[in-house]
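# Reading the structure
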Amino acid sequence: MTKGLRNKMKLEQLKEILQAKVLCCGDHLDREIEMVCGSDLMSDVLAFIKADSLLLTGLTNPQVVRTAEMAEITAVCFVRGKQPHAETIKLAEARKMPLLTTGLSMFESCGRLYREGLHSCDETK
Amino acid sequence: MKPNESKPSSGADPSENSGAFAGPDSTRYTKIQELVYELKVSDAMMRNIITTTPDTSMSELREILRANRISGTPVMEGGKMVGVISIEDFIMWLGSGKADCPIKEKMTTEVDTMYANEPLVHAIGKLDKTGYGRLPVIDRQSGKLIGIITKGDIIERLLHKLEIEYHEEEIHRYRASHIFEDIIGDKVALTFQSSVKGKDFSRAGEASSGLKKTLERLGIHPQIVRRAAIASYEAEINVVIYTDGGTITASVQPDKIRIDVNDTGPGISDVDKAMQPGYSTASEWVREMGFGAGMGLVNIKKCADKMELVSTVDKGTHLRIYIDINNTQEHSKAG
Amino acid sequence: MKIVKLSRIIEQLNLDIRNAQDQVHREVKRGYTSDLLSDVLANGEEGDVWITLQIHPNIVAIAGMKGLSGIVLINGRQPQEETIARAREENIPIMVSEMTAFEFSGRLYAMLSGTKNDEGI
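Residues numbered from 1 in each chain as written. Chains lettered and ligands numbered in written order. Predicted model: local features only at pLDDT ≥ 70, side-chain atom pairs only at ≥ 80, totals over all residues. Heavy atoms only, no water.

### Section: the overall build of chain B
Test applied: Helix and strand assignments follow DSSP, with helices taken as H or I runs no shorter than four residues and strands as E runs no shorter than two, numbered in order from the N terminus. The cut-offs for exposure are 20% and 50% of the maximum accessible area for each residue type, with area from a 1.4 Å probe on protein chains only; residues under the lower value are buried, those over the upper are exposed, and the others partly exposed. Should any heavy atoms of two residues lie within 4.5 Å, those residues are considered in contact. Residue burial considers only the protein chains on display, and all accessible areas are found by Shrake-Rupley using a 1.4 Å probe.
When helices and strands are tallied, chain B shows 11 helices and 10 strands. A buried classification covers 41% of the 335 residues belonging to chain B. Contacts in chain B between residues at least 24 apart in sequence constitute 63% of all its contacts with a sequence separation of at least 6. Surface summary for chain B: the accessible area is close to 18200 Å², and the carbon and sulfur share equals 51%.

Next comes the structure, spelled out in structure tokens:
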């Protein structure tokens, strides 16, 4: 658990760490995550590069999926046990973007994933 | 004789390949793996089957194999397959110097078969394990013999399929990269326009999502596509949040993409202030949707190579964004 | 989870404190990361440090109402003048971090759960 440790993990493993439930695209859990972005502001999400990344958010409206699509985010996990709108799931399915939901808070989710060596989505430049 | 196998390692799990950083060879490899799972035995088998009967003589067999240029046939009796006779069996008989005899004395009676709807990878596995050169193919419903499959058929089918896909990709790439060369004119631009409905948050982003797909199809560099899509998306959100609607017009030129976002009001009273990070006049409901944090215009500016914003209160706002198609340097991938 | 003084967090996670410097003895029990005001209003607890990108004055009102120990603005976001003015009145420390929400939350989490040498001393 040294600082600067860089790790990757499959969504499958990430799901276990966050005790998360899969909402859609469960057949894509072999995708790898290297970076995490925790945000409820979509403009903030768009300001970062998102290769192999997970978005943690408390927002559940369809714009989350659209934003993730624009920023080329791999998967989204909703925090605090939030259930997204049906429209959100529909959009994600069409884009083959796995959606998860965890009962943990944003803080706790970040804490656990940071401990596993995942790192931040760094700013573009 | 062993045909030269391209052996796509039937046992390997295709998911083991970590896609993102795989080199060109491994993506090719993955493509073959994909195909052997995707294609069915019936896609590669020979349907035109030459058969023999148990009473055909070995000397007749020689003529049948030679005339049809095949290396073996199923042996049929009363519509049922009772064995397989191959060129190996023929050579063995020839080598033994024995007198002519009916096929039934030399044929293999314990025959491994494949079902037509099994994936190709099963056939590869079975051919590999048993060492047989061919496998009769049975229709699962009727139980009837409908074809025969050899290693050669499988390789031929795979190569053919790969070639088709490669060819399609080439055409696609050609279209994209030469689109402007093929059009004659002093000034050429491809223009796409979408209308954006004001206050309809559930559909916000549709226009930009469409623009992103279009630009991808045109074969524009992914970084450029991403920047254009993000800029357009932020602008679209602004139109949805603050106005009664407007239009997004993207014009793709040989060297740049120009995106015009126009609306008819209410306009921005202080453009300089609006450009400051964090400045926002958004109402609480917008903020709770995850927008209106005063970063939209800042993000647009960051994505654009040039940006012009003209706004008149009560009249409307015109935002023009230029993205240089060849400028892939400065927004290089982080991490 | 354990309790850590705000001054330790400021020092170890390199925070730039903008006001209420006399409040650094406050105790922090938990982090709460959110950019949704309604969420913090509903789920924030006394002794939380609120980690957010939001910079407008309403964040101070919410922090005061819920008895939060302080607010950390991440990604180097600068508070609006009015926000600082309100924070002075309400005695709520506002701090700025250059880290992202993920990294800051991750490191504060490690401090509070004592799993990392960030714990210090």
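Read on for the rest.
### A closer look at the packing of aromatic side chains
What characterises a pair of aromatic rings is the spacing of the ring centres plus the angle enclosed by the ring planes. Residue and element names in this part refer to chain B. This is how the line gets drawn: Two rings from Phe, Tyr or Trp (for Trp, the six-membered ring) form a pair when their centres sit within 6.5 Å of each other. Planes less than 30 degrees apart are called stacked, planes more than 60 degrees apart edge-to-face, and all others tilted.
What the rule picks out here adds up to 4 aromatic pairs over all chains. Ring geometry for Tyr-233 against Phe-291: centres 6.4 Å apart, planes inclined by 70 degrees, an arrangement best described as edge-to-face. Note that Tyr-233 is positioned in helix α8 (residues 222-242) and Phe-291 in the loop between α10 (284-288) and α11 (296-303), a separation of 58 residues in sequence. Accessibility expressed as a relative area gives 0% for Tyr-233, which makes it buried.

### Things to note about the sheet that holds strand β5 (residues 53-57) of chain A
Residue and element names in this part refer to chain A. The criterion, for reference: For two strands to be treated as a pair, DSSP must find at least two bridges joining them. Think of each axis as a best-fit line through the C-alpha atoms, taken over the contacting stretch in the case of a helix, with angles from 0 to 180 degrees between the N-to-C directions.
One open sheet holds the 6 strands; their spatial order is β2-β7-β6-β5-β4-β8, and the pairing between them is mixed. Among the strands making up the open sheet, the edge pair consists of β2 (21-24) and β8 (119-120). Sitting on the sheet, helix α4 (residues 86-94) is in contact with β2, β6 (75-78) and β7 (99-101), with an inclination near 75 degrees to β2.

### A look at the sheet that holds strand β4 (residues 134-138) of chain B
Residues and elements named next belong to chain B. The 3 strands are arranged β3-β4-β5 in an open sheet whose pairing can be described as mixed. The sheet is open, and its two edges are formed by β3 (114-115) and β5 (145-150), each paired on a single side. The pairing of β3 with β4 spans 2 bridges and is parallel. Of the residues in β4, the one forming a bridge with Tyr-115 is Ile-138. Sheet strands in contact with helix α5 (residues 120-130) are β3, β4 and β5, and its direction is about 140 degrees off that of β4.

### Quick word on the interface of chain C and chain A
Formally: Note on terms: buried area is the combined drop in 1.4 Å-probe accessible area of two parts once they are placed together, counting the loss on both. One side-chain nitrogen of Lys or Arg within 4 Å of one carboxyl oxygen of Asp or Glu is enough to make a salt bridge. Each residue is assigned to one class: nonpolar for Ala, Val, Leu, Ile, Met, Phe, Trp, Tyr, Cys and Pro, charged for Asp, Glu, Lys and Arg, and polar for all the others, Gly among them.
Counting residues at the interface gives 24 residues for chain C, matched by 25 residues for chain A. Around 2200 Å² of area is buried between chain C and chain A when both sides are counted, 65% of it from carbon and sulfur atoms. Linking chain C to chain A there are 1 salt bridge. When the shortest N-O distance is used, the salt bridge between Arg80(A) and Asp39(C) registers 2.9 Å. Broken down by secondary-structure element, the contributors of at least two residues to the side of chain C that touches chain A are β4 (30-33), α2 (37-43) and α5 (101-113) of chain C. A per-element tally of the side of chain C that touches chain A places α5(C) first, with 9 residues. Taken together, the residues of the side of chain C that touches chain A sort by class into 9 nonpolar, 10 polar and 5 charged.

### Quick notes on the confidence of the model for chain B
Residues and elements named next belong to chain B. Condition: As a per-residue quantity, pLDDT reports the predictor's confidence and falls between 0 and 100.
Within chain B, residue pLDDT values average 81, and 82% of them lie at 70 or more. Confidence over residues 1-28 falls short of pLDDT 50; this stretch has 35 contacts with residues more than four positions distant or in other chains. Predicted confidence is poor over residues 331-335, with pLDDT under 50, and the contacts of this stretch with residues over four places away or in other chains come to 17 contacts.

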